[in-house]
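A structural walkthrough
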Amino acid sequence: MEKKYIIRDIKSKPITTLLYHALKREIVTGYEDGSLKTWEADTGHSASVLPSGHKGWITQLVYWNEGKVMFSASVDGAITQWAPNGMPYSTLELGAAVYSMAWIARRNELIVGFKGYLKVFCLSGKVSTSGMQLLQEKAEKINGHDDIVKCIVSLESKVYTVGYDRRLIIYDVSSLPRGHSPPLKCSLRLNNAHDAGITSLVVASDTDSGTWLATGSFDKRVKIWSTDGNVMHTIVFSAPVSSLCYVPFTHLIWVASGTDSALLYDPKSGENVTEYVSPLDDPSEDRYNKVLQHLLYIPEMGTVLGSTNRKEVHAWKYCFSSCVCIQKCLDHIETLTYTNKVPILIFTGSFDGHVIKWERLQLNTFMYSQENLYYHEQLLALLESEEESAPPGLKENIGSDESKEKKKIEFFKSDNRGFVNSLFIESLDIMVMSSQDGKIFVWGFDEQTVEVLRNMQNQQTAGSGEANLNTSKNITKYQVLISSDVFGTTTETSEQQTAMQSVSNHEESVTNRVAGFMCRYVLNGHYGCSPGLAVVEKNSGPGYSSTYLISGGWDQRICLWNLETGRLVDEFHSQSGGHEMASDGIITDLDYSSEMNLFAYSSTDRLIYLRQFATKGSDMKLVATMKGHISEVVKIRWNRKCHTWVSASDNGVIRVWVSKHHCLIANTLCVPNHNYWYAYTSTYLSIFYLYTTQNLSVCLC
């Protein structure tokens, strides 16, 4: 939700209620002196002042969508009906203060709350001189409350009421014919729903949780209820709760409880997710002596309105392109990568050399757990192990001429190394992260733990009897993590077998995710920062037997690594075998096109080089050199959907290149602010502005 505008009405009395007039697309505000004003819902500009005849506090505004009629109620005991032209055409004098109203759409009736009772007004069948329908002047009294009925909500065939008598009552109107006495049938009554008077009520229905209720009270609590009257969550606040609203787009409850901004809660888990959502208010905004009092959600516009004690109305609108959640970091993030499979994992590398694994919690979609990945301990253990058991990538770095202590000092001399780029390879379940000192760290899940789960799978197939009882229990516990083909074999069609294989691969990946994440080995081949990384998947292009990693760095070299063995396969060199620089400037980025079996890398010499991929360095022939940028090229990406190369330079210019002829398309995108961050999906090259580099924004494209 993003702040859209603020309505400031300083000269009026305090605001008591809010309403959205769907026909006129206007916001209606009611005041303590009985006056009514309208504002344009799209801009917040003043529209008109309604000629209200009320003599007291406006307590409730209701809009009847089908009849295009607005109702206003006041403590003066009158209900006024308003025509679409903004003029009152009928007033019911009821003789008692009205505190709440709601329109029952199923039966076209108006239910009104008083002190200690309800009344249901039906349409009289008569029309006014302007052709608008009129309500009956008399209605039957319905007892049930002992104090002020503060809130009434009508949803489908139910009517929900709460009041200062601490009662929550649910009425059923589905089985009652029109004109039945009484017009409401009580289906549930909770006499002590709260420890004090109930001030607000929200009723919502969604596909995941069904129908549920939320109530706020003077006892500084919000309770979330099921429709059968059971409390699912109780949330405690530091001040009385004055208003609630529910936003279906984000599945969050907004709470006004004595603060200058709304507090956001997840109704499923009852967790406070305010700090994980983008800020609702501008930090520079004046918040002195400001208290949020009333909340209203407008489903037609996806907008939340909130009035304050300073006679202001704030409007927040849901933006489909805004970030889903924000995770706060202590370090400046330099690189980010994520997994596409569930559970979603996000890996970040900082300038200070910290690597963090973020995993989405099962509670909701906003909260992520953090785990620091310490690579120094893993490297120390690998250095101290025997050379025969060390990974191949480390074997080449460990010589016999130097002592172990000197090797450790040399290897760990950059304890605060910064990370510059990262990739996650789904096919191997490994993460590759390059650092400023030229080393490329390869992270993966703990193979020993994965092997334990696989052994459990084999033991269930072969084992039986008393001896395998504990093993069977463990397998039953983890059977969701194990391939399903061990539980029985059936005859399937080729389509079923393909589907089962896909499910099996996914479950195998889930099995790996249960294991711990650790640094497997280090690729040490560059002499400087290596920001360029690209993966060549197995069987991609003409078909390769292994998964390869292409790396490029400030040393102007291109190295080719086998990610399955951890070995350096080759590096780019001339046909004669002599050393040759891959570019005239520093290599800043690199990407691979499996459709064309080409890889491109950008450079500070303002050029983009396009080469044929090969497992032999001398066969990486230069196909084309793309010229056009007038500043250092910092990013290059292959767009798989449009089959084009997209590049960005340091002066804020993004250019698109035709893949067949490698010529520059005329239209370019210029970004005036250089404080940008490039992110790539399979369809788009996206640019996200970072208002602070210490916030991790999880964006869904």
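Above: the structure in question.
Nothing here was measured: the structure is a model prediction, and the numbers come from that model. (Residues numbered from 1 in each chain as written. Predicted model: local features only at pLDDT ≥ 70, side-chain atom pairs only at ≥ 80, totals over all residues. Heavy atoms only, no water.)

Mapped onto the secondary structure, His-194 falls in the loop between β17 (185–190) and β18 (198–206). Within the structure, the side chain of His-194 is placed 2.7 Å from the side chain of Thr-215, a separation counted as a polar contact. Ignoring any residue separated from it by four or fewer positions in sequence, one finds His-194 in contact with Arg-166, Thr-215, Gly-216, Ser-217, Asp-219, Arg-221 and Lys-223. (Helix = DSSP H or I, 4+ residues; strand = E, 2+ residues; numbered from the N terminus. Polar contact = N/O pair within 3.5 Å; in protein donor to acceptor, adjacent residues only side chain to side chain. Contact = heavy atoms within 4.5 Å.)

Most of strand β11 (residues 109–113) sits inside the fold, with 5 of its 5 residues counted as buried. A two-sided burial pattern is seen for β11, the buried positions comprising Glu-109, Ile-111 and Gly-113 on one face and Leu-110 and Val-112 on the other. When strand β10 (residues 100–104) meets β11, the two strands line up antiparallel, connected through 5 bridges. The partner of Met-101 across the bridge, within β11, is Val-112. Between β10 and β11, which follow one another and run antiparallel, lie 4 residues, and Asn-108 among them has a positive phi close to 55°. When β11 meets strand β12 (residues 115–127), the two strands line up antiparallel, connected through 5 bridges. Residue Gly-113 lies in a different strand from β12, and its bridge partner there is Leu-118. (Buried < 20%, exposed > 50% of the residue type's maximum accessible area, 1.4 Å probe, protein only. Pairing = 2+ DSSP bridges.)

Judged by how many residues are buried, strand β16 (residues 168–172) sits mostly within the fold: 5 of 5 residues are covered. Side-chain alternation along β16 places Leu-168, Ile-170 and Asp-172 on one buried face and Ile-169 and Tyr-171 on a second face that is also buried. Relative to β16, strand β15 (residues 158–163) runs antiparallel, the two sharing 5 bridges. Across the sheet, residue Val-159 finds its bridge partner in β16, namely Tyr-171. Between β15 and β16, which pair antiparallel and follow one another directly, the connecting turn spans 4 residues, one of which, Arg-166, has a positive phi of 70°. Pairing analysis gives 5 bridges linking β16 to β17, with the strands arranged antiparallel. If you follow Ile-169 over to β17, its bridge partner there is Arg-189.

Turning our eyes to something else, we now look at the sheet that holds strand β43 (residues 607–612). Spatial strand order, β41-β42-β43-β44: 4 strands in an open sheet with antiparallel pairing. Where the open sheet ends on each side, the last strands, each with one partner, are β41 (587–593) and β44 (622–627). The average angle at which neighbouring strand axes cross in this sheet is 20°, direction not considered. Judged from the 5 bridges that link them, β43 and β44 form a sheet pairing that is antiparallel. Of the residues in β44, the one forming a bridge with Leu-610 is Ala-624. (Axes fitted to C-alpha atoms, helices over the stretch in contact; angles between N-to-C directions.)

So, about the sheet that holds strand β25 (residues 292–298). With antiparallel pairing, the 4 strands of this open sheet are ordered in space as β1-β27-β26-β25. Two strands in the sheet have a free side with no partner beyond their single neighbour: β1 (2–8) and β25. Mean inter-strand twist for the sheet, computed between neighbouring axes without regard to direction, equals 20°. Alignment of strand β26 (residues 303–308) against strand β27 (residues 312–317), held across 5 bridges, turns out to be antiparallel. Bridged to Gly-306 within β27 is His-314.

Although it is not a glycine, Lys-68 adopts a positive phi angle of roughly 55°. By the secondary structure assignment, Lys-68 is in the loop between β6 (58–64) and β7 (69–74). The exposure class of Lys-68 is partly exposed, given its relative accessible area of 32%. Of note, the phi angle at Gln-556 is positive, near 65°, even though the residue is not glycine.

Summed over the entire model, instances satisfying the criterion amount to 14 salt bridges. Put simply, Glu-109 and Arg-107 hold a salt bridge, and the shortest N to O gap is 3.6 Å. On the basis of relative accessibility, which here comes to 1%, the residue Glu-109 falls in the buried class. Accessibility expressed as a relative area gives 5% for Arg-107, which makes it buried. Among the ionic pairs, Asp-555 bridges to Arg-557, the shortest N-O distance being 3.5 Å. The buried category is assigned to Asp-555, whose relative accessible area is 12%. For Arg-557, a relative accessible area of 7% corresponds to the buried category. (Salt bridge = Lys/Arg side-chain N within 4 Å of Asp/Glu carboxyl O.)

Below, the discussion takes up the nonpolar core. By size, the foremost hydrophobic cluster in this structure holds 26 residues, and its most contacted members are Trp-254, Leu-264, Val-273 and Val-304. Where this core is concerned, the elements lending two or more residues are β22 (243–247), β23 (252–256), β25 and β31 (355–360). Judged by nonpolar contacts, the second largest core, of 21 residues, contains Ala-73, Tyr-89, Phe-121 and Leu-135. (Core = buried A, V, L, I, M, F, W, Y, C linked by side-chain atoms within 4.5 Å.)

Read these as geometric descriptors, not functional statements.
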